[in-house]
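Residues per chain are reported as follows:
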Amino acid sequence: MDFILTKEQKDIQKAAGEFAQGEFDPDVAMDLEREGQYPFEIWKRACELGFIGMHIPEEYGGQELGILDNVLVVEEFCRQNSGIGMALVLSGFGSEMILRFGSDDQREKYLPPIAKGENASSLAYLEKNQGNDFTSFKTTATRNGNGYLINGNKSLVINGSLPGPMIVVCQLADNRKPGEQVALILHKDTDGLVATEMGGRVGMRMLPMAELTISDLKVPRENLIGEEGQGQSQLMNFLNEMNIEAAAMATGIAQGAFDLALAYAKQREQFGQKIGSFEAIRDRLADMDTRIEVARLLTYKAAWSFDKNDVNPKINYMAKMVSAETALKVARDSLHIFGGYGYIVENKIEQFYRDASMVDIIGMPGEIDKSLIADQIIGRI
Ligand SMILES: Cc1cc2nc3c(=O)[nH]c(=O)nc-3n(C[C@H](O)[C@H](O)[C@H](O)COP(=O)(O)OP(=O)(O)OC[C@H]3O[C@@H](n4cnc5c(N)ncnc54)[C@H](O)[C@@H]3O)c2cc1C
């Protein structure tokens, strides 16, 4: 076993940290957060420097690096500013469906613009009344000549209004058996697609989020990812890979909140002494640092296993679960260390707290993650 990052990985980590410190201007971040604006300029620069789509092969415009390399960047970005960090790292949300299961033509067409920051990607699976039962969807794809006609609704779709492809997971019409799904790539300017921006939200405010109404939208067969009937397994594979990125976002959020709390504990004085000298605060700091270390170890293990082609879904779910819980607890405890000032919006700690609340829900909620872990331990008895 080797718990030490390689020299290249340390360099990536350092470069990502320096980029985030230099580019994520706190005043700009505050404005973007308040106005719910996407950080376009910072995204472009991050793409130019190769921080986005690092795991995409070179022939499709990426760096051909590993998931662990990507995790290091995600962590550093979210540590510096969770709002900007998440907006950047989720710009390619769902593109792994094309990377892992798409044809060469689809990879060639869709991945380079994502790595270059010309396009973002979206993946629409959730339906309002369907929840997390992905064995069947109400949105249907009906075979139509040399393609499909899509009808239905999707909800909570991030990047919906950014330029770039959108993958929609649908049920094959007249074939409502579990597993009979297709993942289709849509172009957002196609007739039949109405994307309505959803209102304000607790965290993750810089990313646009849309509700989709799809009516008789035509998609050519060449936009089918993989084969008919593979949609559900592709989605589950993607969500499982996504757990690693979510775990890295959460670990970064936890570390960022902790950094602020630690600095504050060293300088804030009460009763004639630094608050960091109070046993209760020292206790909290020790507890937070320990939890972050555990979250990071699990996240790195999940990423490392993925890079070794030893994908372990259970570890990925565990990494997301532990990191999400850690982010929430550490952000809350850090806010507490700031006392009343932690509650003020201009204080970065409250943003970490709001953004931490999302990680447990994105992809699939923690309860379902746990149920999938249990499936692997005990199965369905
Ligand atoms: C910030 C953000 C970004 C998102 N981005 C996207 C996106 O880009 N594309 C997309 O399609 N979706 C996206 N989603 C949707 C997300 O995947 C869902 O919100 C999530 O899967 C939960 O589904 P739901 O909202 O229908 O909740 P529900 O499934 O209705 O869950 C409600 C509650 O019931 C619990 N619950 C549900 N089922 C079970 C069960 N079987 N056992 C135990 N407890 C259960 C849940 O844990 C939760 O506490 C996003 C969500 C968020 C918050």
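Residues numbered from 1 in each chain as written. Predicted model: local features only at pLDDT ≥ 70, side-chain atom pairs only at ≥ 80, totals over all residues. Heavy atoms only, no water.

**Examining the domain arrangement of the chain**
Quick reminder of the rule: Note that the domain bounds were set by an automatic or database domain assignment. Here the quantity called buried area is the total loss of accessible area, with a 1.4 Å probe, experienced by two parts when brought into contact, counted for both. Here, a salt bridge means any side-chain nitrogen of Lys or Arg that lies within 4 Å of a carboxyl oxygen of Asp or Glu. Polar contact is defined as a pair of N or O atoms within 3.5 Å, subject to the rule that within protein one atom must be able to donate a hydrogen and the other to accept it, and that residues adjacent in sequence are counted only when both atoms are side-chain atoms.
The domains assigned to the chain are domain 1 (7-116), domain 2 (122-229) and domain 3 (233-378). Taking only C-alpha atoms, the centre of domain 2 and the centre of domain 3 are 31 Å apart. Here domain 2 and domain 3 share an interface that buries about 1100 Å² over both sides, 65% of which is from carbon and sulfur atoms. Ranking the residues of domain 2 by area buried against domain 3 places Tyr125, Asn132 and Met204 at the top, with a combined share of 41%. Our count for the contact surface shared by domain 2 and domain 3 stands at zero salt bridges. For the pair domain 2 and domain 3, the interface holds four residue pairs in polar contact (both at pLDDT 80 or more).

**Observations regarding the site of the ligand**
Applied cut-off: Near residues are defined by distance, with any heavy atom within 4 Å of the molecule or strand qualifying the residue. Only the protein chains shown count as cover for residues, and all accessible areas are computed by the Shrake-Rupley method using a 1.4 Å probe. For the purposes of this entry, the term helix denotes a DSSP run of H or I that reaches at least four residues, the term strand denotes a run of E that reaches at least two, and both are numbered from the N terminus.
Around the ligand, 21 residues are found, and the nearest of them are Leu123, Leu126, Asn132, Leu156 and Glu367. Within the backbone of isoleucine 158, an N or O atom sits 3.0 Å from an oxygen atom of the ligand. Between glutamate 367 and the ligand, the recorded distance is 2.5 Å, taken from a side-chain N or O atom to an oxygen atom. Here the ligand, which alone exposes 970 Å², has 66% of that area covered by the protein. Listing elements by their share of the shell around the ligand, those giving two or more residues are β1 (122-124), β3 (147-158) and α12 (366-378). Per element, the largest residue contribution to the shell around the ligand is four residues, and it comes from β3.

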